[in-house]
Amino acid sequence: MKLWLNSKKVKEGDYFLVNLENEKFVNDAIKNGAKKIITELDKNYEIETIKVSDVRKYLYQFYYDKIKDLILIGITGTNGKTTTCYLIYQMLNMLGVKTAYLGTIGFYLDDEIIKLENTTPSLDILYNLLLDSKTKNCEVVVMEVSSHALKQDRVYGLLFDAIGVTNITRDHLDYHKTKKDYIESKKKIISKTRNKKICLLNKKSKYYKKFISNKNNNYIIGKDIKVNLIANKFDKTIVIVKDKIKRGFALSLVGNFNVYNFLFCYYIVKNLGFDVNELRDKFYLLKEPPGRMQKIIYKTNMIFIDYAHTPDAILNVLKTVSKLKNKGIITIFGCGGNRDKEKRTIMGKIACKYSFLVIFTNDNPRNEDEKEIMNDILRGAKGKHEVIYDRKEAIKRGVQLLKNNMILMILGKGHEDYQIIGDTKYHFSDLEVVNDIIKE
């Protein structure tokens, strides 16, 4: 038996939680087999009805004793959440600590992957996934915590044993409206800690001091943990850091930003008390999540598929590959419709600065005119560029232009397997398209 706010999730014997937002779906929940209605409203329904002051509090109290022993790790930030969480998920499982991952690319537990509609799902889905994790003998759940989820209190009642704030740059201003609101929403996570109250911060992030709380045990990369050396090569990255002693790591991850993602992972796992020394010769086995600097070798060229969809993310990935030996970088990207318009020009400028050629294309135009989106991007285009609205044709053009020792960057969608045009979601995967083109 489970508790749900979404009537579509209700099965025989479940409880349906009712507030003003979902009250119109009560009959649907009853048809689906709801056994009881738990409601904030002063109403009675045709099945057993229990009145409460707050359905979220009721849900939290119902689940808390069942999941309280789980070690919870929460990561927020503009960029790097998915990779950091995915690395922690891998590292702990490599140590024999059964761990689940929850975030942008889905819910990972054992060999099962469940797709999620949001980076941090609604409260009912979240608590039920935590219960599933506990039922299947997980010790740890590592999860991405988005600014939307923190502002909307979609992590109501949860406290984290360790948190990390990877960085704060421009994103989601279509929702938050101001940078201040975006930062204040992210800051909510620093009061949601318990037990060891571990908090990892990044000195390179402009706003890191805003996330320092004297109630947490703060570890600041770049201050408490000094990064002495990062050497990026074609197939590996060498890292040397110093805390109380010097430590060296050989990673298969590409890019300085991924080094910081790894260090967040390493020091969270270490400070939680797990024996990271067991993995001394195995850090090289850690992989990026799907769609995060996902590398494909094509003849003598490299193709990278990455989720970069903010100015900072595009800057980081392009600066990274520019340091690899190459005879030209071709970049393909677009900007989403019905989202922050001001970042489009900035992203167009960055892409042109670090690329031999940029092919601008569509990326979920939604209900916005694709030409208006493109005009916003092109205001920043100061270098060699082309416009191909059809994303498949744009990728095909990019692959065909590869000659010898070149790099093709396909940015914006990463792991996503859809394209939203108007109100319709079509199947579309950058990875599948690239593989099909190469086969042809």
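Draft legend 1. Structural context of a positive patch on the surface. Together, Lys203, Lys209, Lys223, Lys226, Lys242 and Lys246 give the surface a local cluster of positive charge. By the element assignment, Lys203 lies in the loop between strand 11 (193-202) and strand 12 (217-221).

Draft legend 2. Structural detail: the sheet that holds strand 2 (residues 15-18). Judged by pairing direction, the sheet is parallel, and its four strands sit side by side in the order 1-2-3-4 without closing on themselves. Across the chains shown, the open sheet's two edge strands, defined by having one partner strand only, are strand 1 (3-4) and strand 4 (49-51). By the bridge criterion, three bridges tie strand 3 (residues 36-39) to strand 4 in an arrangement that is parallel. Bridge assignment links Ile37 to a residue of strand 4, and that residue is Thr49. Its contacts with the sheet put helix 2 (residues 55-67) on strand 1, strand 2 and strand 3, and the angle it makes with strand 2 is roughly 145 degrees.

Draft legend 3. Spatial organisation of the pairing of strand 14 (residues 237-242). Covered by surrounding structure in strand 14 are Thr237, Val239 and Val241 only, the residues Ile238, Ile240 and Lys242 on the alternate face being uncovered. One ladder, built from six bridges, connects strand 13 (residues 226-232) with strand 14; its direction is antiparallel. Among the inter-strand pairings, Val227 is bridged to a residue of strand 14, identified as Val241. Judged from the six bridges that link them, strand 14 and strand 15 (residues 246-251) form a sheet pairing that is antiparallel. Within the sheet, the bridge partner assigned to Ile238 lies in strand 15 and is Ala250. Adjacent in sequence and paired antiparallel, strand 14 and strand 15 are bridged by three residues.

Draft legend 4. Structural detail: the sheet that holds strand 15. Read from one edge of the open sheet, three strands run 13-14-15, paired in antiparallel fashion. Each edge of the sheet is formed by a strand with only one pairing partner; in this case those strands are strand 13 and strand 15. Put simply, the sheet's adjacent strands are angled 15 degrees from each other on average, direction ignored.

About the thresholds
- Along each chain, the written sequence defines residue order, and numbers are assigned to residues from 1.
- Note on the predicted model: pLDDT of at least 70 is required for a residue's local features to be given, and 80 or more for side-chain atom pairs to be given and counted; whole-chain, interface and lining totals, by contrast, use all residues.
- As a rule here, side-chain values cover all heavy atoms of the structure and leave hydrogens and water aside.
- Residues forming no salt bridge and having over 30% relative accessible area are the ones grouped into patches, like charges within 9 Å of each other and nonpolar side chains (Val, Leu, Ile, Met, Phe, Trp, Tyr) within 5 Å.
- Each accessible area is a Shrake-Rupley estimate made with a 1.4 Å probe; only the visible protein chains count as cover when residues are assessed.
- Think of a salt bridge as a Lys or Arg side-chain nitrogen and an Asp or Glu carboxyl oxygen that are within 4 Å of each other.
- Here the positive residues are Lys and Arg and the negative ones are Asp and Glu; neither His nor the chain ends is included.
- In plain terms, the charge of a residue is placed at NZ if it is Lys, CZ if Arg, CG if Asp and CD if Glu.
- Helix and strand labels come from DSSP, where a helix needs a run of H or I of at least four residues and a strand needs a run of E of at least two; each type is numbered from the N terminus.
- Two strands are counted as paired when DSSP detects at least two bridges linking them.
- Two residues qualify as a contact provided that any one of their heavy atoms is within 4.5 Å of a heavy atom in the partner residue.
- In this analysis, axes come from line fits to C-alpha atoms, helices being fitted only over the stretch in contact, and the angle between any two N-to-C directions falls in the range 0 to 180 degrees.
- Between buried and exposed lies partly exposed: a residue is buried under 20% and exposed over 50% of the maximum accessible area for its type, with that area taken using a 1.4 Å probe on protein chains only.

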